[in-house]
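Structural characterization, general
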Amino acid sequence: MAVVQGFEVVEGVLGRGMPYLAFGEGPTLVFLRWFMPDHANPTGLVRRAEVKTMAPLARNFRVYAVNRAPGMAAGTTMADIAREHAEGLLAEFGAPVDVLGISSGGSLALQLAADQPAAVRKLVVASSGYRLEDAARASQMKYATAAAAGKRSLQHLATQGIESPVKARLAGAVAWLADPLVRPKNPADTLAFVRAEDTFDLDGRLADITAPTLVVGGDRDEYYSVDTFRHTADGIPGARLVVYPDTNHLGAIKHERFAPDVTAFLTTPGG
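Along each chain, numbering runs from 1 in the same order as the chain's sequence is written. Local features in a predicted model are, by the rule used here, given only for residues with pLDDT of at least 70; side-chain atom pairs are given and counted only at 80 or more, and totals for whole chains, interfaces and linings are based on all residues. Processing note: side-chain calculations cover all non-hydrogen atoms of the structure and skip hydrogens and water entirely.

Next up on the list: the pairing of strand β8 (residues 213-218). Counting buried residues in β8 gives 6 out of 6 residues, a clear majority hidden from the surface. The alternating pattern of β8 places Thr213, Val215 and Gly217 and Leu214, Val216 and Gly218 on opposite faces, both of which are buried. Between any two strands, pairing holds if DSSP finds at least two bridges. Numbering goes from the N terminus for both helices and strands, where a helix is a DSSP run of H or I of at least four residues and a strand is a run of E of at least two. Looking at chain direction, strand β7 (residues 120-126) and β8 are connected through 4 bridges and run parallel. Looking across to β8, one finds that Leu123 is bridged to Thr213. Pairing analysis gives 5 bridges linking β8 to strand β9 (residues 240-244), with the strands arranged parallel. Bridging from a neighbouring strand, Val215 pairs with Leu241 of β9. Convention used here: a crossover is right-handed provided that the path from the first strand, over the helix, to the second strand proceeds clockwise when the strands point away from the viewer. For the crossover from β8 across helix α8 (residues 226-235) to β9, the handedness is right-handed. Three labels apply to residues, based on accessible area from a 1.4 Å probe with only protein chains included: buried if under 20% of the type maximum, exposed if over 50%, partly exposed otherwise in between.

Shown next, in the form of structure tokens:
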């Protein structure tokens, strides 16, 4: 146990090896992490940043920040990953839990709620949608395939959504230089998950989600359009949609209204 950002943080493992960090007090809230190249708990500054981002929710909930299991086999699908998570969550908690999926974790959260309804009490999908936009899918795949080949790859993610050619070149150059410091320790895991998300598309399955659902996004998201957020919410029976103005992909989860909106949704009877 260690103290991070004022919270006592406990490390653990769910089910078939899914690592998690637990911190905060209150009802259980399972946070399915955004895209992380390494299927491990973050350390150092990245851990501090994660706990800081989740701190407004950890004041009201016991947050379990869960990552995908290491050693992901080639050909694994998002449905396979969702099944593993459902087994791990039900074994750990013995009842449905509230689930918050952010970015790539939102893809997994939607698949989990559609395929494994017994594991999810309420669902929050933030900065994510029923499928990846084409540009985001392409940049993510370029990153993963380059990393798997031992090449510099971070620039493919760093330039996503930057409209200015000058800013894109600058961001790409900085990322190219920084790449050796943040390369995946097991790029095969990175590639396996990216391929799973590449084929993820829940259009036509959204109505299978029966958990009360809140979809949150920013109107300047670099990875998902407002139309995608709206289509996701419209397809889930009774789902609510909140779009923050002048807010990008990461800005949505750091928005001053995010934690209050999520807390109100999860604590209001019936959703």
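After that view of the structure, there is still more to cover.
Turning to the layout of surface pockets, a few remarks are in order. Definitions used throughout: a 1 Å grid over protein atoms alone; a cavity as a set of points that fits a 1.4 Å probe which cannot get out; a pocket as an open set with protein on both sides within 12 Å along at least five of seven lines; a lining residue as one with an atom within 4 Å of a point. Grid points are joined across faces, edges and corners, and a volume is the space filled by probe spheres set on the points. What the largest pocket holds in volume is close to 1,500 Å³. Taken together, 41 residues form the lining of the largest pocket, with Trp34, Phe35, Pro37, Leu157 and Leu250 sitting closest to its centre. Of all the secondary structure elements, the ones that give two or more residues to the lining of the largest pocket are α1 (44-58), α4 (134-148), α5 (154-158) and α9 (251-254). Of the residues forming the lining of the largest pocket, the biggest block, 4 residues, is contributed by α1.

Attention now goes to unusual backbone geometry. Residues other than glycine seldom take positive phi values, yet Ser103 does so here, at roughly 55°. Take Ser103: its relative accessible area is 12%, and that puts it in the buried class. Located in the positive-phi region is Ser127, a residue other than glycine, with phi close to 50°. Positionally, Ser127 belongs in the loop between β7 and α4.

Let's shift gears to the pattern of salt bridges. The rule for a salt bridge is simple: a side-chain nitrogen of Lys or Arg has to be within 4 Å of a carboxyl oxygen of Asp or Glu. This structure, assessed with the given rule, holds 15 salt bridges. Residues Glu84 and Arg16 are paired through a salt bridge, measuring 3.8 Å at the closest nitrogen-oxygen approach. Placement of the pair is Glu84 in helix α2 (residues 78-93) and Arg16 in the loop between β2 (7-14) and β3 (18-23), with a sequence separation of 68 residues. Each of the salt bridges in this network shares a partner with another, and the network as a whole consists of Arg131, Asp134, Arg137, Asp198 and Asp201.

This paragraph deals with the sheet that holds β3. Spatial ordering of the open sheet is given by β1-β2-β3-β5-β4-β6-β7-β8-β9, a layout of 9 strands whose pairing is mixed. If you trace the sheet from one side to the other, it starts and ends with β1 (2-4) and β9, each paired once. This sheet shows a mean twist of 25° between the axes of neighbouring strands, independent of strand direction. Sitting on the sheet, helix α3 (residues 104-115) is in contact with β4 (28-32), β6 (97-102) and β7, with an inclination near 140° to β6. Geometry is summarised by axes, namely lines fitted to C-alpha atoms with helices restricted to the contacting stretch, and by angles between N-to-C directions that run from 0 to 180 degrees. We call two residues in contact when some of their heavy atoms are within 4.5 Å.

Of the residues making up α8, those classed as buried are Thr228, Phe229, Thr232 and Ala233. Viewed end-on, α8 has its buried residues packed into an arc of 130°, placing them on one side of the element. What points out from α8, more than 90 degrees from its buried face, is the exposed set Asp227 and Asp234. On its buried face, α8 sits against α3, β8 and β9. The directions from the helix axis to the C-beta atoms form the arc being described.

Before going further, it helps to spend a moment on the nonpolar core. Note on terminology: a nonpolar core comprises buried Ala, Val, Leu, Ile, Met, Phe, Trp, Tyr and Cys residues joined through side-chain atoms within 4.5 Å. Val99, Leu110, Leu112, Leu123 and Ile209 are the most contacted members of the largest nonpolar core, which totals 44 residues. Of all the elements, α3 adds the most residues to this core, at 6 residues.

With that settled, consider the packing of α4 against helix α7 (residues 187-198). Contact geometry for α4 and α7: axes closest at 8 Å, N-to-C directions at 155°. One way to sum up the angle between α4 and α7 is to call them roughly antiparallel. Relative to α7, α4 is oriented so that their crossing is left-handed. Contact residues: α4 offers Arg137, Gln140, Met141, Tyr143, Ala144, Thr145, Ala147 and Ala148, while α7 offers Pro187, Thr190, Leu191, Val194, Arg195, Glu197 and Asp198. Angle categories: roughly parallel below 35 degrees, roughly antiparallel above 145, roughly perpendicular from 65 to 115, and oblique for all the rest. By definition, any crossing whose near helix is turned counterclockwise from its far helix by less than a right angle is left-handed, and any crossing with a clockwise turn is right-handed.

The subject of this paragraph is α1. Bend at a residue means the angle formed by two fitted axes: the first through the 7 residues ending at that position, the second through the 7 residues beginning there. Of all the bends in α1, the greatest, near 30°, is centred on Lys52, and the proline Pro56 appears no more than four residues after it. Within the sequence span of α1, burial applies to Arg47, Glu50, Val51, Thr53, Met54, Ala55, Leu57 and Ala58.

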